[in-house]
Amino acid sequence: MRRLESLRGKRMAVKRKKTTIFIRRNRDTLIAYGIMLVVLVLFAANQNDFFTRYGPQSIFNQMITLAIAALAQTLVVLTSGIDLSVGAMIGLTNSIAATIMDPMAQFAGGKLAGVLLTMVIVLATGALAGFLNGLIIVFFRLQPIIVTLATASVFTGIALYIRPTPGGKVPYEYTQFFAGRLFGYIPSSAVVLAFFIFAVWIPLRRSRLGQSIYAIGGGEYSAFVTGIDVNRTKLWVYTLSGLFSACAGLLLTAQTASGDPLGSELFTLNSIAAVVLGGTALTGGKGGYVGSVAGAVILSLVLGLLIFWGVPSFYQNGVQGIILILALSVGVLQKLWKKRKAITD
Amino acid sequence: MKNRDANQSSVFMSRLKAILGAPVAKVYLMMLLLYVASGLLEPNYFSYGHIMQLLVMASFLGILAMGQTLVILTGGIDLSVSYALNLGAVIMTQMTIEQGSLAAVVTVIIVGLLIGTLNGLGITYLNIHPLVMTLAMSSILKSVTYVYTGGTPKGTAPDWLRTIATESFLGVKIAIWVWLALSVFVIVLLTKTTIGRKIYAIGNNNTVSLLSGIKNNRVLVLVYALSGLFAVLSGLMITGFSGLSYLGMGDIYLLPSIAAVVIGGTSILGGRGGYTGTIAGAVIIYVLMTILTILDLKDAGRQIIYGLVILFVLILYGNGKKLRA
């Protein structure tokens with residue numbers, strides 16, 4: 001005889017079921033956040049002034065550029081594509097920003113106007129670069145991996161043309177605004193991150209464009225026959241990737257106060273690593289930016305940790321690689337452990 | 001009598017047409033055109049000596065791209081080849097000092113196979129995407145190389161290695177003979193053996209190949225192991241040529257190795273193409289570099305043109321399918 005459950009009991013059962021589904025669906029992202037917490041704790045334990053005002057600021061500053069680059073990459077990866085030109089676009093926008101910010105101040109008649117004008121130009125450049133990527137991929141029906149590989153070369157070349165050597169002049173106020181604090185307490189980078197998560201990603205995810213992106217990742221042909229405009233969505237995705245890379249470039253300019261056409265190469269591969277760590281599959285259709293943020297934090301902080309622990313710079317690369325492999329194995333090992341349990345039970 | 005002759009010549013003609021019509025022929029044509037272009041810019045290039053030099057330099061990329069071709073044919077990618085190359089080179093020069101060059105070569109070969117096997121295991125058993133696995137491996141290898149050399153690679157290439165990389169045999173540089181021999185090996189592997197067919201099968205659809213009874217995991221581990229092997233072999237050749245090893249020597253070969261494979265007609269998704277095209281792809285890339293050097297373009301121009309040429313070649317091949325309901 002089935003036990004009659006009270007109404008409250010039923011509600012609790014539904015909640016339990018919903019939680020289980022949530023955990024199962026977002027398992028990889030939750031693992032990423034678990035790892036991130038571990039890294040954060042280690043970081044906090046090692047940085048003496050963590051709990052002072054400077055602690056959070058340094059964390060956010062370190063990871064914000066990668067976090068935004070990871071947003072660009074997340075969008076592309078969700079459609080089962082890949083954007084190997086993210087680093088090059090960041091380098092390009094970084095170089096442009098550092099080169100024209102000063103002249104623009106004179107042109108527009110004032111520092112603020114100059115900075116704003118520069119930002120507009122830079123964002124437009126990024127969007128255009130991304131749009132070109134999308135155009136070639138969509139119209140010639142070529143594979144994103146190799147197209148973005150080639151365009152990365154082109155963008156880097158243009159960056160080198162604009163800024164043959166690292167340098168450039170950036171107004172102090174600009175760096176303070178984006179790499180410093182607002183109202184004397186909240187790190188600007190934290191505000192920027194919150195903006196991109198809550199004002200950009202979440203609305204995007206719920207929009208039709210967002211749904212189309214996930215649908216394409218789940219199966220391009222299936223999405224097509226459902227009536228989704230695959231071409232238009234893809235164009236948007238790559239354009240947005242360029243736009244967000246430009247944002248990352250602007251933030252990098254604020255942090256380094258200079259432009260370096262070749263200094264952003266690591267962002268490409270690190271953004272991919274952040275996305276994968278965060279639980280978004282390279283095959284697309286699954287995951288999201290929330291996970292990528294955790295991935296970006298992990299990658300940025302691990303480097304900081306290694307420096308704290310005095311690990312010689314020789315070892316840093318290798319340790320990062322091993323950590324990446326280990327972090328990704330967690331999901332697999334968990335599956336294997338479950339299998340074992342099922343067999344031996 | 002007359003009819004028999006006519007039949008033989010028509011068989012010959014149809015075979016000739018088949019060869020010329022093959023997709024790979026387009027790449028070889030482009031290779032020749034680019035070579036002629038380079039010669040027009042610099043008449044000295046129209047010499048046997050220069051062709052030899054060209055092929056030797058292209059062989060370094062060509063051998064590296066052998067492994068890359070195999071990996072890409074299975075639908076994967078190998079980003080660790082540049083540091084596998086580097087590690088092989090530094091082990092060669094440093095071990096020669098103390099343990100002698102024979103021990104060094106054996107170690108290098110074992111290390112190359114080991115690197116590839118680890119890549120393959122990570123990809124198959126840990127289910128890590130090849131892009132990410134080989135990327136992580138690349139970081140690890142970079143560290144290992146730095147630590148092994150303590151920051152400065154020591155030693156020089158042994159004489160026999162330098163001879164292989166620089167001298168000639170029967171009028172043709174030994175390095176080119178080496179490349180030729182390895183090429184024959186790879187092409188036979190891909191076209192005439194069962195393993196070759198399995199590689200193509202996995203690249204075409206690895207679910208179907210698994211269900212067909214092919215042991216995907218084993219083939220993949222083998223393919224990545226070979227990629228590691230070819231990478232260190234390429235490192236040995238480069239070290240023999242320049243006489244030394246140095247940190248970061250593989251960096252300029254990584255993306256071109258992928259480009260050579262794709263320009264050669266192999267689909268980046270796998271399942272289609274082969275090494276024959278990659279050979280021409282490697283030469284094309286090297287000739288392109290020499291043209292850019294002749295034109296004395298600064299770094300900026302070189303990058304732009306390099307990227308544009310790759311895009312141009314890709315668009316020419318355009319084999320994407322239009323979505324149709």
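Summarised in this report is the structure supplied together with it. (Residues numbered from 1 in each chain as written. Chains lettered and ligands numbered in written order. Predicted model: local features only at pLDDT ≥ 70, side-chain atom pairs only at ≥ 80, totals over all residues.)

## Notes on the overall build of chain B
What chain B contains, in helices and strands, is 14 helices and two strands. Against the globule reference of 20 Å for 325 residues, chain B gives a C-alpha radius of gyration of 21 Å, in line with a compact fold. Taken over the C-alpha atoms alone, chain B extends approximately 70 × 55 × 45 Å along its principal axes. Across chain B, contacts joining residues at least 24 apart in sequence account for 77% of those joining residues at least 6 apart. (Helix = DSSP H or I, 4+ residues; strand = E, 2+ residues; numbered from the N terminus. Rg over C-alpha atoms; globule rule 2.2 N^0.38 Å. Contact = placed C-beta atoms within 7 Å.)

## Here we look at the interface of chain A and chain B
The interface of chain A with chain B comprises 40 residues on the first partner and 40 residues on the second. Breaking the side of chain A that touches chain B down by element, the ones donating at least two residues are α6 (144-162), α10 (220-225), α12 (265-277) and α14 (313-344) of chain A. With 13 residues, α6 of chain A is the single largest residue contributor to the side of chain A that touches chain B. Grouping the amino acids of the side of chain A that touches chain B by side-chain chemistry returns 29 nonpolar, 10 polar and one charged. (Nonpolar A, V, L, I, M, F, W, Y, C, P; charged D, E, K, R; others polar.)

## A look at helix α12 (residues 251-263) of chain B
Counting buried positions along α12 of chain B yields 10 of 13 residues, so the element is predominantly enclosed. Those residues of α12 of chain B lying buried are Tyr253, Leu254, Pro256, Ser257, Ile258, Ala259, Ala260, Val261, Val262 and Ile263 of chain B. Lining the buried residues of α12 of chain B we find α6 of chain A together with α2 (23-41), α3 (48-73), α4 (81-98), α13 (275-294) and α14 (299-317) of chain B. The positive-phi residue at the C-terminal boundary of α12 of chain B is glycine 265 of chain B, with phi of around 100°. (Buried ≥ 20, exposed ≤ 12 C-beta atoms within 10 Å, placed from the backbone.)

## A look at the environment of alanine 257 of chain A
Residue and element names in this part refer to chain A. Relative to the elements of secondary structure, alanine 257 occurs in the loop between α11 (230-256) and α12. The exposure class of alanine 257 is partly exposed, given the 16 C-beta atoms found within 10 Å. Each C-alpha atom, one on alanine 257 and one on glycine 167, is 8.3 Å from the other, the two residues being 90 residues apart in sequence. With sequence-adjacent residues up to four places away left out, alanine 257 is seen in contact with Val170 and Thr175.

## Re unusual backbone geometry
Not every positive phi belongs to a glycine, and serine 80 of chain A is a case in point at roughly 65°. Locating serine 80 of chain A in the fold gives a position in the loop between α3 (54-78) and α4 (86-108). With 17 C-beta atoms packed within 10 Å, serine 80 of chain A lands in the partly exposed category. Residues other than glycine seldom take positive phi values, yet asparagine 127 of chain B does so here, at roughly 60°. Following the sequence through the fold, asparagine 127 of chain B ends up in the loop between α5 (101-124) and α6 (130-149). Owing to 13 C-beta atoms within 10 Å, asparagine 127 of chain B belongs among the partly exposed residues under this scheme.

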